Each structure stands twice: as structure tokens, then as C-alpha cells.
Amino acid sequence: MYEKRIIRILALIKHRRLKLGYSQKYMADKLGISQNMYSKFELNYSKITVDRFVSVCKVLEIDPQEVLKAK
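Residues numbered from 1 in each chain as written. Predicted model: local features only at pLDDT ≥ 70, side-chain atom pairs only at ≥ 80, totals over all residues. Heavy atoms only, no water.

Moving on to the packing of helix H2 (residues 24-31) against helix H4 (residues 50-59). Two numbers describe how H2 lies on H4: the axes approach to 10 Å, and their chain directions differ by 120°. Here H4 runs oblique to H2, going by the angle between their axes. H4 is crossed by H2, and the crossing has right-handed handedness. Every residue of H4 that contacts H2 at Tyr 26, Met 27, Lys 30 and Leu 31 is listed here: Arg 52, Ser 55, Val 56 and Val 59. In terms of residue class, the contact of H2 with H4 is made up of 5 nonpolar, 1 polar and 2 charged. (Axes fitted to C-alpha atoms, helices over the stretch in contact; angles between N-to-C directions. Helix = DSSP H or I, 4+ residues; strand = E, 2+ residues; numbered from the N terminus. Parallel < 35°, antiparallel > 145°, perpendicular 65-115°, else oblique. Left-handed = near helix turned anticlockwise from the far one by under 90°. Contact = heavy atoms within 4.5 Å. Nonpolar A, V, L, I, M, F, W, Y, C, P; charged D, E, K, R; others polar.)

Rendered as C-alpha cells:
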């Protein structure tokens, strides 16, 4: 169940990124990380810290609490 929820959250983040026309490279630059690192996060190949999650939400102009509530 936990894994399914993570997949939904990551899908929402990716959908929002694409809706805004942001590339993974753009996101990585804004977060101060490599594009490869951002890609691994979005694909759920690596874990993300709470601080980084909040930073991603800030770049995407979405409320972290709303992302976590997504169904």
C-alpha cells in the first residue's frame, strides 16, 4: 500500500512538471542537483528527503500537503 501511494505522489509530481513544461534538467538546476539524480527520484529509484520534497513542490508551485493527500 505504501509503495502504491509513493507511485501516485511521484506521478502527480511528474504530471505537474510536464504541465508546466519543465524538463528534468530544469528541475535539477533549480534544486541544485544533477539531472540524473532528479530522474532517479522521479522514477522512485532513490529516496528523497522531506526537505527536497518540499523544495520540489515549491518549484512546481504546489502545496506539499495537497500532494500528500492526493488519491
